[in-house]
Amino acid sequence: MAKLPILLYPSPVIRKKSLLVTSIDGQLQRFIDDMVETMYAAPGMGLAAPQVGALKRVIVLDPSHDPAHARPQVLINPVLVSGEGQVVEEEGCLCIPDLNESVSRFKQVVVKAYDRNEKEVILEGADLLARILQHEIDHLDGVLFIDRLSTAKRLLLKRRLKKAKKD
Ligand code: ZN
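Cut-offs and rules
- Residues numbered from 1 in each chain as written.
- Predicted model: local features only at pLDDT ≥ 70, side-chain atom pairs only at ≥ 80, totals over all residues.
- Heavy atoms only, no water.
- Patch = residues over 30% accessible without salt bridge, like charges linked within 9 Å, V, L, I, M, F, W, Y side chains within 5 Å.
- Areas by Shrake-Rupley, 256 points an atom, 1.4 Å probe, with all protein chains shown as cover.
- Salt bridge = Lys/Arg side-chain N within 4 Å of Asp/Glu carboxyl O.
- Lys, Arg positive; Asp, Glu negative; His and termini not counted.
- Charge placed at Lys NZ, Arg CZ, Asp CG, Glu CD.
- Helix = DSSP H or I, 4+ residues; strand = E, 2+ residues; numbered from the N terminus.
- Donors = N, O, S within 2.8 Å, 3.2 Å for Na, K, Ca; no water.
- Buried < 20%, exposed > 50% of the residue type's maximum accessible area, 1.4 Å probe, protein only.
- 1 Å grid on protein atoms, 1.4 Å probe; cavity = no way out; pocket = protein on both sides within 12 Å on 5 of 7 lines; lining within 4 Å.
- Points joined across faces, edges and corners; volume = space filled by probe spheres on them.
- Nonpolar A, V, L, I, M, F, W, Y, C, P; charged D, E, K, R; others polar.
- Pairing = 2+ DSSP bridges.
- Axes fitted to C-alpha atoms, helices over the stretch in contact; angles between N-to-C directions.

Engineer: It is not clear to me how a positive patch on the surface should be interpreted in this structure. Could you clarify?
Structural biologist: A contiguous patch of positive charge, built from Lys158, Lys162, Lys165 and Lys166, is present on the exposed surface. Note that lysine 158 resides in helix α3 (residues 151–166).

As structure tokens, this is what we get:
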């Protein structure tokens, strides 16, 4: 396994739409192992393939955030089937270090995907798990959590991020 470099905002790659995975071969399995290792090393609770430069619809996550009892979940071609309720919580992203902002998300979601054994899985998640799922699936469409902030907040933030880049 190998740790992969995580792309940082404003990399154009993390703004692109990822492609559906059509075959789960050995190469993809190795890539998934690398993604899992990268997520724990970061450390993060979730990672989407475009964050490490691969435009494939693959996400890995582990809300327990504990490499000692690692139970990483691998979702291939995940689709948000439904969402219910709204909850505002602070969120961050490995592509935008040192930034946490309150984001409104569904409280509960249902996600359909394939696991790494090509088995279809239906995942029901609430609270933190629901938030990670929504955040990571957004990545597959080139959407970042800062896009989900209010317009005023987003403008303020853009200025801050631009300034940080110059400094
Ligand atoms: Zn992220």
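Engineer: Looking at this structure, how should I read unusual backbone geometry?
Structural biologist: Most peptide bonds are trans, and most residues other than glycine sit at a negative phi. Following tyrosine 9, the chain continues to proline 10 via a peptide bond in cis, the omega torsion being 5°. By the element assignment, proline 10 lies in the segment before α1 (26–41). Here the residue pair alanine 42 and proline 43 is connected by a cis peptide bond, since its omega of -10° sits within 30 degrees of zero. One can find proline 43 in the loop between α1 and β1 (46–48). If you check the backbone angles, aspartate 98 has positive phi at about 65° while not being a glycine. Inspection of the secondary structure assignment puts aspartate 98 in strand β4 (residues 96–114).

Engineer: Got a minute to help me understand the coordination of the zinc ion in this structure?
Structural biologist: Between any two of four tetrahedral donors, the ideal angle at the metal is 109.5 degrees; between two of six octahedral donors, it is 90 or 180 degrees. Donor atoms from the polypeptide that bind the zinc ion are Cys93 (SG), His135 (NE2) and His139 (NE2), placed at 2.0 to 2.3 Å. Mapped onto the polypeptide sequence, the residues donating to the zinc ion form the spacing pattern C-x41-H-x3-H. A residue pair is termed long-range when its members are at least 10 positions apart, and cysteine 93 in strand β3 (residues 73–93) and histidine 135 in helix α2 (residues 127–140) qualify at 42 residues. Both residues of the pair, cysteine 93 and histidine 135, count as buried.

Engineer: How should the layout of surface pockets be read in this particular structure?
Structural biologist: Take a probe with the size of a water molecule and roll it over the atoms, and the empty space left behind shows itself. In this structure, the largest pocket occupies an estimated 430 Å³ of space. Along its surface, the largest pocket is lined by 22 residues, and Met45, Glu91, Gly92, Cys93 and Leu94 are the ones closest to its centre. Listing elements by their share of the lining of the largest pocket, those giving two or more residues are β3, β4 and α2. Broken down by element, the lining of the largest pocket gets its largest block of residues, six residues, from α2. Its residues assigned to classes, the lining of the largest pocket shows nine nonpolar, eight polar and five charged. In this model, the second largest pocket occupies a volume close to 340 Å³. If you trace the second largest pocket, you find 15 residues lining it, with Tyr9, Ile96, Leu161, Ala164 and Lys165 closest to the centre. Taken together, the elements giving at least two residues each to the lining of the second largest pocket come down to β4 and α3. With seven residues, the top contributor of residues to the lining of the second largest pocket is α3.

Engineer: I tried to follow the pairing of strand β2 (residues 58–61) on my own but got confused; where do I start?
Structural biologist: Each regular strand carries side chains that alternate between the two faces of the sheet. The alternating pattern of β2 places Val58 and Val60 on one face and Ile59 and Leu61 on the opposite face, and all of these are buried. Examined bridge by bridge, β1 and β2 share three bridges and lie antiparallel to one another. Bridging across to β2, alanine 48 finds its partner in isoleucine 59.

Engineer: What am I meant to see in the sheet that holds β3 here?
Structural biologist: Backbone hydrogen bonds hold the strands of a sheet together, and the pairing may be parallel or antiparallel. The five strands lie next to each other as β1-β2-β3-β4-β5, forming an open sheet whose pairing is antiparallel. What marks the edges here is a single partner per strand, and that holds for β1 and β5 (120–126). The sheet shows a mean angle of 40° between the axes of neighbouring strands, direction not considered. Alignment of β2 against β3, held across four bridges, turns out to be antiparallel. Of the residues in β3, the one forming a bridge with leucine 61 is glutamine 73.

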